[in-house]
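# What the coordinates show
Single-letter residue listing:
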Amino acid sequence: MKSTPDLCDQYPDLIQVVEPMFNNFGGREQFGGPIVTVKCFEDNSCVKELVATPGEGRVMVVDAGGSMRRACLGDMLAEQASVNGWSGLIIYGCIRDVDEIMATDIGVQALGTHPMKTEKKGIGEIDIAVTFGGVTFNPGDYLYADNNGVIIASQALL
C-alpha cells in the first residue's frame with residue numbers, strides 16, 4: 001500500500017484528510033479498505049456484532065462520540081476482527097488491552113486508552129454517515145491509514 005502522503009500527492013482532489021487526533025495501536029501500521037460505520041456511545045454492542053462477521057478487507061469506523069471514559073475495543077474483539085478478515089478499525093474513542101492489540105494482525109487507531117470496558121445495552125447504529133475529525137465517513141467510501149494520518153476517498157485509490 002502507498003503511504004497516505006503519497007496518496008495525498010497523487011490524488012489531491014479525491015481525498016479528505018481527517019484532523020490529526022489518532023494514535024496507532026494495532027499490529028498493522030498501514031491499513032485501508034471500504035468503510036463500514038458504527039455510531040455508539042459507551043456501548044460497543046454493534047462493534048462486537050460486526051467483528052463476528054466477515055470483514056472482507058473492510059475498515060470499521062466507530063464514532064464512539066469521542067468518549068474518554070470507556071474503551072470501545074479490547075483484545076478479544078480485535079482478535080476476532082483479525083481472524084474474520086477486517087483490515088482495521090478507527091475508533092473515535094478509547095481502546096484497552098493495548099499490548100495484546102499491538103501483537104494482533106489488524107490496524108487499530110484510536111484517540112487513546114482506558115482500562116474500563118463499555119456496557120452492552122444493544123444501543124448503536126450501523127452503516128450510517130458519521131462525522132468527526134472534520135470529515136464525514138460514508139459507508140462504502142474508502143479509508144487509508146498509517147502513521148502519517150487517516151484519509152478518505154469516495155472511490156478506491158489502490
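First things first, this report covers the structure right here in the doc. (Residues numbered from 1 in each chain as written. Predicted model: local features only at pLDDT ≥ 70, side-chain atom pairs only at ≥ 80, totals over all residues. Heavy atoms only, no water.)

### Thoughts on the overall build of the protein
- Secondary structure assignment for the protein yields four helices and 12 strands.
- Compactness check: the protein gives a C-alpha radius of gyration of 14 Å against a globular reference of 15 Å for 158 residues, within 12% of the reference.
- Counting only C-alpha atoms and orienting by the principal axes, one finds that the protein spans roughly 40 × 30 × 25 Å.
- In the protein, which comprises 158 residues, the proportion classed as buried is 48%. (Helix = DSSP H or I, 4+ residues; strand = E, 2+ residues; numbered from the N terminus. Rg over C-alpha atoms; globule rule 2.2 N^0.38 Å. Buried < 20%, exposed > 50% of the residue type's maximum accessible area, 1.4 Å probe, protein only.)

### What about the pairing of strand E3 (residues 31-39)?
- Counting buried residues along E3, seven of its nine residues qualify, which places the element largely inside the surrounding structure.
- As paired elements, E3 and strand E11 (residues 142-146) share four bridges and run antiparallel to each other. Looking across to E11, one finds that Gly 32 is bridged to Tyr 144.
- Inspection of the sheet shows E3 paired to strand E4 (residues 59-63) by five bridges, in the parallel sense. Along E4, the bridge assignment pairs Val 36 with Met 60.
- In this view, the connection linking E3 to its parallel neighbour E4 by way of helix H2 (residues 45-51) has right-handed handedness. (Pairing = 2+ DSSP bridges. Right-handed = clockwise from strand over helix to strand, strands pointing away.)

### So, unusual backbone geometry
- Even without a glycine there, the phi angle at Glu 56 is positive, about 50 degrees.
- Tracing the backbone shows Glu 56 in the loop between H2 and E4.

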